[in-house]
Amino acid sequence: MSGAAAAVAGPLAGLRVIEICSTIAGPACTRLLADFGADVIKIEPPEGDPVRQMGQHVDGQSLYAASILRNKRSVTLDLKTEQGRAVAADLITRSDIVVENNRPGVMERLGLGYDTLSAANPGLVMVRISGYGQDGPYSERPGYGAICEAVGGVRHMTGDPDRPPARVALATTDYLSSVYAAFGAMAAIHARQTSGRGQVVDVALYEAAFTQMEPIVPAHEKLGVVPMREGANLPSMAPNSSYPTRDGGWVLIAANSQPTWRRLVALMAQPELLTDPRFETIQARGVPAHMRTLDALIAAWTRGFDATPLEEMLRQAEVPTSRVYTIADIYADPHFAAREMLRQVPHPVLGHTTQTGVVPRLSATPGAIRHTGPETGADGRAVLREVLALDDEAIDALIAAQALRVPSR
């Protein structure tokens, strides 16, 4: 394949991935693989992936599904039927990777466990995403991202210190887990080039959440530290917080280094802060009591300005800053446009939907958005013809047995 052709097809072209997943972490993982050219075949139950019911809808069309299922092909199989399970097994036998995010044991009960699948396809990489991993005393517990953030210590650290633990109103742990899962899949495929054999990639949501606790783990063991929520602050670092503005907005200021701190003080025209022993060094400013005092001083200053001119003043002074963006701000921002992070993708019913761009950016073989998320089961006939070489008579027999479902036209 030429370099130009590889760039169009994507660096993962030639890899076939079977997705047996629902909701977010699994579909986000395979969406990442699909963006970079893998042929992702999503096996859905007759009622469709529940993610199709999540988020906002327009004219009965799921905006979330249009994005998280993009670049994939959809096959609807009833895995409660023997024929449906047989078709799924045949597809996996002819694939490089299978990604599933069921509770541990479900795939084995379906006859689709790794031992069974790898006996027929020794090179198979099986990515298994679950709340607590494939073993251990909690492995059979159901685990969503929000629950696993609590177990992983992240929820305790989120929010204001004088309020109950909060959450980010986004599926952060699911998306973080999806990146670990995609990375694990690629590491296993790379190892297969030497060994010739696949392996299991075991991704636990609580462990993905826990990795964010990296600086806290050694501090607890050596010092017995149990840190508390810091609100908008970065622990042990000040000034690094959000500050109110005259027009009701918020501006982030991160003056972490000594040179940046001095530039901020000069802009504030309060030189006495430089010689105050509470604020002279990074370590001194990180003392909680000093941090609170300093934040109050900076907040009193920022309240004298509207958000946009204050942001520009800080930027001119080379102090890292940003207004707290809403989604409306993002749509109006030239940098998002220049980096193609808001992509209009054709949609058969809605004309188009705007979706997040492809991340990361590869210079020679970039990813691409080739098509929107398909209708449930839209590719059933095409996939079974192409991958399994079934003729129309065999496909019609599967439909008659209700093992395969296809959209009615």
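Each remark here, short or long, concerns the structure printed above.
Residues numbered from 1 in each chain as written. Predicted model: local features only at pLDDT ≥ 70, side-chain atom pairs only at ≥ 80, totals over all residues. Heavy atoms only, no water.

**Q** How should I be thinking about the packing of aromatic side chains in this particular structure?
**A** The relation between two aromatic rings is expressed through the spacing of the ring centres and the mutual angle of the planes. Throughout the structure, instances matching the rule amount to 3 aromatic pairs. Measuring from ring centre to ring centre gives 5.4 Å for Trp 301 and Phe 305, while their planes differ by 65°; the resulting arrangement is edge-to-face. An aromatic cluster of three or more residues is present, and its members are Tyr 132, Tyr 138 and Tyr 206. If you follow Arg 141 out to its NZ or CZ, it ends over the ring of Tyr 138, 3.7 Å from the centre. (Phe/Tyr/Trp six-rings, centres within 6.5 Å; stacked < 30°, edge-to-face > 60°. Lys NZ or Arg CZ within 6 Å of the ring centre and 35° of its normal.)

**Q** Please explain the pattern of salt bridges as it appears in this structure.
**A** Note on pairing: side chains with opposite charge can pair once their charged atoms come close. Summed over the entire model, instances satisfying the criterion amount to 23 salt bridges. Taking the shortest distance from any N to any O, the salt bridge between Asp 39 and Arg 73 comes out at 2.8 Å. With Asp 39 in strand E2 (residues 39–44) and Arg 73 in strand E5 (residues 72–77), this pair connects stretches of sequence that are 34 residues apart. The buried category is assigned to Arg 73, whose relative accessible area is 16%. Between Asp 49 and Lys 42 there is a salt bridge, with the nearest N and O atoms lying 2.7 Å from each other. In this structure Asp 49 comes out as buried when scored by relative accessible area, which is 1%. Among the charged side chains, a network of salt bridges with common partners joins Glu 311, Glu 312, Arg 315, Arg 323 and Asp 329. (Salt bridge = Lys/Arg side-chain N within 4 Å of Asp/Glu carboxyl O. Helix = DSSP H or I, 4+ residues; strand = E, 2+ residues; numbered from the N terminus. Buried < 20%, exposed > 50% of the residue type's maximum accessible area, 1.4 Å probe, protein only.)

**Q** When you look at the sheet that holds strand E8 (residues 200–204) in this model, what are you seeing that I'm missing?
**A** Strand pairing in a sheet takes place through backbone hydrogen bonds and is either antiparallel or parallel in direction. Strand order in the open sheet made by the 7 strands is E8-E7-E6-E1-E2-E5-E14, with mixed pairing throughout. Of all strands in the sheet, those with a lone pairing partner are E8 and strand E14 (404–405), marking the two edges. Here 4 bridges tie strand E1 (residues 16–20) to E2, and the two strands are oriented parallel to one another. From the neighbouring strand, Val 17 faces E2, where its bridge partner is Val 40. The sheet contacts of helix H18 (residues 380–388) involve E1, E2, E5 and E14, and relative to E5 the element is tilted by about 95°. (Pairing = 2+ DSSP bridges. Contact = heavy atoms within 4.5 Å. Axes fitted to C-alpha atoms, helices over the stretch in contact; angles between N-to-C directions.)

**Q** What's the story with the packing of helix H2 (residues 25–35) against helix H8 (residues 172–195) in this structure? I'm lost.
**A** Between two packed helices, the angle of one axis relative to the other and the distance separating the axes together describe the packing. Interhelical geometry of H2 versus H8 gives an angle of 50° and a closest axis separation of 8 Å. In terms of orientation, H2 lies oblique with respect to H8. Considering only the axes of H2 and H8, their crossing is right-handed. Along its contact with H2, which presents Ala 25, Ala 28, Cys 29, Arg 31, Leu 32 and Leu 33, the element H8 presents Asp 174, Tyr 175, Ser 178, Ala 181, Ala 182 and Met 186. Of the residues assigned to the contact of H2 with H8, the class counts are 9 nonpolar, 1 polar and 2 charged. (Parallel < 35°, antiparallel > 145°, perpendicular 65-115°, else oblique. Left-handed = near helix turned anticlockwise from the far one by under 90°. Nonpolar A, V, L, I, M, F, W, Y, C, P; charged D, E, K, R; others polar.)

**Q** Teacher, can you tell me more about the pairing of strand E13 (residues 351–356) here?
**A** Across a regular strand the side chains alternate sides, sitting on one face of the sheet and then on the other. Taken together, the 6 bridges between strand E12 (residues 342–347) and E13 define a ladder with antiparallel strand orientation. Within E13, the position partnered with Leu 342 by the bridge is Thr 356.

**Q** Whenever I open this one, the sheet that holds strand E10 (residues 250–254) confuses me. Can you help?
**A** Reading across the sheet, the 3 strands line up as E9-E10-E11 and stay open at both edges, with antiparallel pairing between neighbours. In this open sheet, the two strands that pair with only one neighbour each are strand E9 (240–244) and strand E11 (321–323). For this sheet, the mean inter-axis angle between neighbouring strands, taken without regard to orientation, is 20°. One ladder, built from 5 bridges, connects E9 with E10; its direction is antiparallel.

**Q** I would appreciate a short explanation of unusual backbone geometry in the present structure.
**A** Trans is the prevailing form of peptide bonds, just as negative phi is the prevailing case for residues other than glycine. The amide bond that connects Ala 238 to the next residue, Pro 239, takes the cis arrangement and shows omega of -5°. Mapped onto the elements, Pro 239 comes out in the loop between helix H10 (216–223) and E9. Phi angles above zero are rare outside glycine, and Thr 23 is one such case at about 55°. Inspection of the secondary structure puts Thr 23 in the loop between E1 and H2. In the Ramachandran plot, Ala 389 falls in the positive-phi region, its phi being about 60° despite a non-glycine side chain. When you line up the elements, Ala 389 lands in the loop between H18 and helix H19 (392–400).

**Q** How do you make sense of H18 when you look at a structure like this?
**A** In an α-helix there are 3.6 residues to a turn, and that puts residues three or four apart on one side. Along H18, the residues classified as buried are Gly 380, Val 383, Leu 384, Val 387 and Leu 388. Along the axis of H18, the buried residues cluster in a sector spanning 95°; they form a single face. The secondary structure elements touched by the buried residues of H18 are E1, E2, E5, helix H4 (82–93), H19 and E14. (Arc of directions from axis to C-beta.)

**Q** So what exactly am I meant to see when it comes to the pairing of E2 here?
**A** Burial within E2 is extensive, with 5 of its 6 residues counted as buried. Here 5 bridges tie E2 to E5, and the two strands are oriented parallel to one another. Directly across from Ile 43, in E5, lies its bridge partner Val 75.

**Q** Could you clarify how one ought to interpret the side chain of Glu 44 in this entry?
**A** Structurally, Glu 44 is set in strand E2. A residue is classified by how much of its surface remains accessible, and Glu 44, at 1% relative accessible area, is buried. What Glu 44 contacts, discounting residues up to four positions off in sequence, is Asp 49, Arg 52, Ser 74, Val 75, Thr 76, Leu 77, Thr 376 and Gly 377.

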